[in-house]
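Listed here are the chains, written in short residue letters.
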Amino acid sequence: VDGAYDGQQALELFSQNTYDLIILDLMLPVYDGLSVCRKIRETSDVPVIMLTAKGEGSDKLLGFEYGADDYMTKPFDILELKARMKVILKRTNKPRGDEHSESILTAKDLKVDLIKRTVHVRDENPELTAKEFDLFVMLMKNVGKVFSRDELLEQVWGYGYPGDIRTVDVHIRRIREKVEKDDASPEYIMTKWGVGYYFNDPGK
């Protein structure tokens, strides 16, 4: 475990080491947490849990906009933080062994590797955050099934996540920007107005 006491030191450590998880305070000297998170997201999809004394929903959404996977408001229960860390690490841990066909999801020009946790579409390899990847896979595994925002929060974030349902909208938009050819006219992640979201396989 490494500790950084300002945003500049955090980025220096990040550039010199490989981490499984980053716990990032929003209020940091030199560079704030949002700036650090945005810089990290330029090169890595390492899970990021944002910590902040601010509890407004807009601050949470801003954190997700910049690529945070989870968000906790101070003061918090250390056991809850440990539980969230455990869930994220379990989901992002890459299984060992030979790659099997069932670990690959495909749809038209899209291929998702569940073991390597990578996405390949139109000769591109967009980097999805841990939560974006989990949400995308959840939808892709259930082609045509419409999930409400509450259902997606429960299935992807889990452990009674108390977050705003707009969190789902932010993640869906970010996935569309990375995966869809035209995020304004998506062909994979579709909206069922008044209900929620579902995955469409344009090749079928």
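Just so it is clear, the model here is predicted, and its values are computed rather than measured.

## Let's talk about the packing of helix α1 (residues 7-16) against helix α2 (residues 33-41)
Phase 1: Contact pair α1 / α2: the axes reach a minimum separation of 9 Å and the direction vectors enclose 20°. In terms of orientation, α1 and α2 fall into the roughly parallel class. Relative to α2, α1 is oriented so that their crossing is right-handed. Residues G7, A10, L11 and F14 of α1 touch α2, and the partners they reach there are V36, K39 and I40.
Phase 2: Residue composition of the contact of α1 with α2, by class: 5 nonpolar, 1 polar and 1 charged.

## Some words on the packing of aromatic side chains
Phase 1: According to the stated counting rule, one finds 3 aromatic pairs in the structure shown.
Phase 2: Judged by centre distance (6.5 Å) and plane angle (50°), the ring pair of F64 and Y71 falls under tilted. Grouping residues by exposure puts F64 and Y71 together as buried.
Phase 3: Ring geometry for Y188 versus F199: centroids 5.8 Å apart, planes at 20°, classification stacked. Within this pair, whereas Y188 is found in the loop between α7 (166-179) and β8 (189-192), its partner F199 is found in strand β9 (residues 196-199), the two being separated by 11 residues in sequence.
Phase 4: Exposure remark for Y188: the relative accessible area of 0% places this residue in the buried category.
Phase 5: F199 gets classed as buried once you look at its relative accessible area, which sits at 1%.

## Quick look at α1
Phase 1: Residues of α1 that are buried: G7, A10, L11 and F14. Buried residues along α1 cover an arc of 95° about the axis, so they all sit on one side.
Phase 2: Looking at the buried side of α1, the elements it contacts are β1 (22-25) and α2.
Phase 3: Measuring from the side-chain oxygen of the N-cap residue of α1 to the backbone nitrogen of Q8 gives 3.0 Å; that N-cap residue is D6.

## Description of the sheet that holds strand β4 (residues 104-107)
Phase 1: Strand order in the open sheet made by the 3 strands is β4-β5-β6, with antiparallel pairing throughout. The sheet terminates laterally at β4 and β6 (118-121), the two strands that pair on one side only. Within this sheet the neighbouring strands show an average axis-to-axis angle of 15°, counted without direction.
Phase 2: Where β4 meets strand β5 (residues 110-113), 4 bridges bridge the pair, whose relative direction is antiparallel. Considered in β5, the bridge of T106 is made with K111.
Phase 3: Against the sheet, helix α5 (residues 130-140) contacts β4, β5 and β6, and its axis sits at roughly 115° relative to β5.

## Notes on the packing of α5 against helix α6 (residues 149-157)
Phase 1: At their nearest, the axes of α5 and α6 sit 10 Å apart, and the two run at 115° to each other. With respect to the hand of their crossing, α5 and α6 are arranged in right-handed fashion. Contacts between α5 and α6 involve K131, D134, L135, M138 and L139 from the former and L152, Q155, V156 and W157 from the latter.
Phase 2: Class assignment of the residues belonging to the contact of α5 with α6 gives a composition of 6 nonpolar, 1 polar and 2 charged.

## Focus: the confidence of the model for the chain
Phase 1: Looking at the chain, pLDDT values average 86 and 91% of them are 70 or higher.
Phase 2: The least confident element of the chain is helix α3 (residues 57-65), whose mean pLDDT is 76; the most confident is β9, at 96.
Phase 3: In the predicted structure, residues 96-101 sits below a pLDDT of 50 and forms 6 contacts with residues beyond four places in sequence or in another chain.

Calculation notes
- Residues numbered from 1 in each chain as written.
- Predicted model: local features only at pLDDT ≥ 70, side-chain atom pairs only at ≥ 80, totals over all residues.
- Heavy atoms only, no water.
- Axes fitted to C-alpha atoms, helices over the stretch in contact; angles between N-to-C directions.
- Helix = DSSP H or I, 4+ residues; strand = E, 2+ residues; numbered from the N terminus.
- Parallel < 35°, antiparallel > 145°, perpendicular 65-115°, else oblique.
- Left-handed = near helix turned anticlockwise from the far one by under 90°.
- Contact = heavy atoms within 4.5 Å.
- Nonpolar A, V, L, I, M, F, W, Y, C, P; charged D, E, K, R; others polar.
- Phe/Tyr/Trp six-rings, centres within 6.5 Å; stacked < 30°, edge-to-face > 60°.
- Buried < 20%, exposed > 50% of the residue type's maximum accessible area, 1.4 Å probe, protein only.
- Arc of directions from axis to C-beta.
- Polar contact = N/O pair within 3.5 Å; in protein donor to acceptor, adjacent residues only side chain to side chain.
- Pairing = 2+ DSSP bridges.
- pLDDT = per-residue confidence, 0-100.

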